[in-house]
Structure formats: structure tokens, C-alpha cells
Amino acid sequence: MKKSRGRTGRKRRRKHLKSFMDGVNCSHKLEYIKLKKWLKERGFEDSNLRPAEFWGTGRGLMTTKALQAGDVIISLPEKCLLTTSTVLSSCLGGHIEQWKPPVSPLLALCTFLIAEKHSGQKSPWKPYLDVLPRTYTCPACLQPDVINLLPQPLKHKAQEQKMMIQELFTSSKAFFSSLQPLFAESTGKIFNFGALQWAWCTVNTRTIYMKHPHRDCFSLEPDVYALAPYLDLLNHSPNVQVKAGFNEQTRSYEIWTNSQCKKYQEVLICYGPHDNQRLLLEYGFVAMDNPHSSVYVSADILLKYFSPLDKQRKAKVSILKDHDFLDACWRRVLLGDVSSARNEQQALATAAKICQFLMEETQQVLLQISQLKRDRENLKPHLDLVEMLRSEDLKILQKSAEILCNLNLGTT
């Protein structure tokens, strides 16, 4: 008899599975040892959080002690934060202060990240740069074939995001060229599009909100970014509550939990009550069973299913637009005032048709994704992400269809 088939083997497998589900401690890895040492030199002391790999969320932080509501999850000293003050105190500062028109705080941070990454071993920020993702899954980084599989409203926003980064790159070329005295290598090679895209995604997905006073050397765009090493390993969950902010007394950015967390479990925070399309657009991931999830209905689809005999079709769409319900999420779609049983029945029938159309469209896209995953192995990680989004959408639509069916039965 094989050892693994006995009682001891079953216990061992359960223990291994539980360990995998709880998280695999990664604090022994050299990059995390160097990061903790670097943070300690800047005043960060923490003995309760460990970097780990988790099933479902990937890299995150586990706690070595149970957390209760009101406990501080992390307190990161100001010296550890990367802000526009950090940028201005570097060799880039003088060039930024002299450049006209002023650069944005976002561009300043992006420029600093690219410059420090190029510096390699010479960069004082290397321990942090070494643990940053090498690639991102924001829509701006997706291939056109993958973007085409996104829901229509998100597809438009993804294309806008791509265009925005391209325009930032084009408009910043002269500024990048002005930095040539700081580098032996051509700034055209250092500050290329790929480098700016990586830096932009780093700032967009990993910064905490921290308001800074306006400086004349920056444009009027809000200066509200701060990169927070180690703290930015905390993953999102829509089911937890936290309080966060900069503590003026301790001169640290702190996060307090309003939830409990068991020993050796992943510590999760909430990035905000965002639906999955917003999470994918802003952070590059999708949350399973997200209570804030929504399916968006575009104006084109609404017009398609409003009766052609309805003389108020355009007026209804105008009302949707005026009240910011255009491209609104499914649960909030306004189909018109219900003033009679007949109108109510028509509204429910229209909603059911729209729901059916979206279900069929989503199922068709899921089939396309399955085919592409077989044919385009290199796109699999991005396709998995879109598949997760579409699958969550389908669950919402199926539940909506069930509710609408019951409502229709109740009005007949």
C-alpha cells in the first residue's frame, strides 16, 4: 500500500492544501529580505506581516498574529514614501523646476521611476524597484485582439487609456530630451514608450491617495500620489473595511482594520466600492463574487430595444444622459416612468429582451475567448482576466433574467 493512501497521507494532503490556501511564506526570498532591510533603515519596523503567495490573489501579505477591529495593519514612515518631494530632491529636481510649461505630478513620478530603474545598482530605490511588477494587466497593456473582447463601454475606456498614454509620451519627448545632461545613454532609448507605459501603470495601480501642497514647478493637476513600498503588497477585497490616512503625529501613512483577520491568513484591504470593470480599468484585476459588480448597458443597446413606435425614444435617452445614467450599470438602468400596468409590462419586457441579448453576446464572447486561448498561448494570462470578467457578467445577467421572468409572471 502506498503511504499517501493511509490516514497519515490524507492528513498530510489536507495540511498541504490548507497551507496553500492560507498562503506560502515568501519572506525568505532575497528580494524581500533586501526590501525589509531597506525599509528598516528608513524607520519601518514590522514583525507581523510576511510576503506570501496566495491562491486566488497571488502575491500579498499574511499576518503572523490575529488582527482585531481597530488594530493597525501597517504604519509606513514618511521616509519610505515615494512622492513628488522625493523627485524634486533628486537630480531631476532642478530640471523639473526650470522646465516650461510645468510638468504634471504624474509625469514627474513616471520620469523618476524610469530614471531610477535605468540607474540599476546605483539607485537608492533599487530594493523597491526589484519587487515591482515587470508587466501589468491594465487595459492599456492589452493587445487589440483582447481589448475587442471587453464589454463595449469598457472597450472604449481601454482605448482612451491607451491613447492617453500615447499622447503623454508624445507631448513629453521634449522634456525627456532636456534631461540628456544627466545620462550617458540617449534619453530616446531610456525614456521610450514601453518604459513610460510601465511607469504610468505603476503609478496608476500602486499609489495611495495622499494630498500634497501645490508647487509652481508642477502643472495644476492634483498632486495626490504616493508610492508606498511593502504597503502596496496588500490586496483588495470588497468584503473588508479599513480606515487609512497620513498620521501627522507619527509622520506615517497608516491603515487600520475594521475587520478581523486570523493568524497566517492574508491581510486584505478595500480599494473602494468598485465594480469589476472599474477594478480592471484602474488596477488590472477582477474580484470574484464582487457585490459591487455591474453589467453596463450602452445607449446604442437601449435605443435598439426601445419600440420604434415610441415617439419618446430620443427623449428617454436624453433623460438617461442628463441624469448620468447613460452607460449606467444594469441594476440602475432607467427605462422610463411607470404610470400604469401596461407601461410596467412593456418596461419589463424591454428589460428582459436587453438582458437576453447581453447574455447571448457574453456567451458568444466566452466561446471566442476559449478558441483564442487554444490558438494564442501568449495571450492566455490576459484572456484569463477577460474571461473572468465576462463570466462574472454572465452570472449577473442570468440572475437578472430570472428576476425579470418572475416579475413578468407577476404582472400577467
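Use the structure listed above.
Conventions and cut-offs
- Residues numbered from 1 in each chain as written.
- Predicted model: local features only at pLDDT ≥ 70, side-chain atom pairs only at ≥ 80, totals over all residues.
- Heavy atoms only, no water.
- Helix = DSSP H or I, 4+ residues; strand = E, 2+ residues; numbered from the N terminus.
- Buried < 20%, exposed > 50% of the residue type's maximum accessible area, 1.4 Å probe, protein only.
- Contact = heavy atoms within 4.5 Å.
- Areas by Shrake-Rupley, 256 points an atom, 1.4 Å probe, with all protein chains shown as cover.
- Lys, Arg positive; Asp, Glu negative; His and termini not counted.
- Salt bridge = Lys/Arg side-chain N within 4 Å of Asp/Glu carboxyl O.
- Pairing = 2+ DSSP bridges.
- Expected span 1.5 Å × (residues − 1).
- Polar contact = N/O pair within 3.5 Å; in protein donor to acceptor, adjacent residues only side chain to side chain.
- Axes fitted to C-alpha atoms, helices over the stretch in contact; angles between N-to-C directions.
- Parallel < 35°, antiparallel > 145°, perpendicular 65-115°, else oblique.
- Left-handed = near helix turned anticlockwise from the far one by under 90°.
- Nonpolar A, V, L, I, M, F, W, Y, C, P; charged D, E, K, R; others polar.

A. The arrangement of the overall build of the protein chain in detail. Looking only at helices and strands, one finds 15 helices and ten strands in the protein chain. Counting every position in the protein chain, which comprises 412 residues, the buried fraction comes to 45%. Residue pairs at least 24 apart in sequence account for 70% of intrachain contacts in the protein chain once pairs closer than 6 positions are excluded. With an accessible surface of roughly 22,600 Å², the protein chain has 53% of that area assigned to carbon and sulfur atoms.

B. The arrangement of the side chain of Arg390 in detail. With respect to the secondary-structure elements, Arg390 resides in helix H15 (residues 380-411). For the buried Arg390, which has no salt bridge, the nearest side chain bearing the opposite charge is Glu361, at an N-O separation of 4.1 Å. Once you skip the residues sitting within four places of it in the chain, Arg390 turns out to touch Leu149, Leu150, Pro151, Glu361, Thr362, Val365, Leu366 and Ile369.

C. Seen up close, the pairing of strand E2 (residues 49-54). As defined by bridge partners, strand E1 (residues 24-25) adjoins E2 across two bridges and the pair is classed as antiparallel. Note on E2: the bridge partner recorded for Asn25 is Ala52. Where E2 lies against strand E3 (residues 58-63), six bridges are found, and the strand directions are antiparallel. When the bridges of E3 are listed, Pro51 appears paired with Leu61. The antiparallel pairing of E2 with E3 creates a hairpin that spans three residues between the two strands, and Gly56 there sits at a positive phi of about 100 degrees.

D. Structural view of the pattern of salt bridges. Per the stated rule, a full pass over the model turns up 14 salt bridges. Between Asp145 and Arg376 there is a salt bridge; the shortest N-O distance is 2.8 Å. You can see Asp145 sitting in helix H7 (residues 144-147) and its partner Arg376 sitting in the loop between helix H14 (341-375) and H15, a full 231 residues away along the chain. Looking at Arg376, the relative accessible area reads 28%, which means it is partly exposed. With a shortest N-O distance of 3.1 Å, Asp289 and Lys395 are connected by a salt bridge. Of this pair, Asp289 sits in the loop between helix H11 (276-283) and helix H12 (299-305) while Lys395 sits in helix H15, and the two are 106 residues apart along the sequence. Lys395 gets classed as partly exposed once you look at its relative accessible area, which sits at 40%.

E. Highlighting the environment of Gly43. By the element assignment, Gly43 lies in the loop between helix H2 (30-41) and E2. Residue Gly43 is classed as partly exposed on the basis of its relative accessible area, which comes to 48%. The spatial distance from the C-alpha of Gly43 to the C-alpha of Lys79 is 7.6 Å, given a sequence separation of 36 residues.

F. Focus on helix H10 (residues 193-206). Here H10 spans 20 Å end to end across 14 residues, near enough to the 20 Å set by a 1.5 Å rise per residue. Across the 14 residues that make up H10, a large majority, eleven, are buried. Here H10 has its buried residues at Ala195, Leu196, Gln197, Trp198, Ala199, Trp200, Cys201, Thr202, Val203, Thr205 and Arg206. Two or three places before Gly194, at the start of H10, stands the capping residue Asn192, its side-chain oxygen 3.1 Å from that residue's backbone nitrogen.

G. Focus on the packing of helix H8 (residues 152-177) against H11. Direction vectors running N to C along H8 and H11 enclose 15 degrees, while the axes themselves pass 11 Å from each other. Looking at the two axes, H8 sits roughly parallel to H11. The chirality of how H8 crosses H11 is right-handed. Together, Leu154, Lys157, Ala158 and Gln161 of H8 and Gln277, Leu280 and Leu281 of H11 make up the contact between the two elements. Looking at the contact of H8 with H11, its residues break down into four nonpolar, two polar and one charged.

H. Focus on the sheet that holds strand E4 (residues 72-77). Ordered by their spatial adjacency, three strands build an open sheet running E4-E9-E8, and the pairing between neighbours is antiparallel. Each of the sheet's edge strands pairs with one partner strand only, and the pair in question is E4 and strand E8 (242-247). Here the average twist between neighbouring strands, direction ignored, is 10 degrees. Pairing of E4 with strand E9 (residues 252-257) involves five bridges; the strand directions are antiparallel. If you follow Pro77 over to E9, its bridge partner there is Ser252.

I. Looking closely at the sheet that holds E3. The sheet built from three strands is open, its strands ordered E1-E2-E3 with antiparallel pairing. What marks the edges here is a single partner per strand, and that holds for E1 and E3.

J. Structural context of the pairing of E9. Taken across its six residues, E9 has five buried, putting it largely inside the fold. Relative to E9, E8 runs antiparallel, the two being bridged by six bridges. Its bridge partner being in E9, Val242 is matched across the sheet by Thr257.

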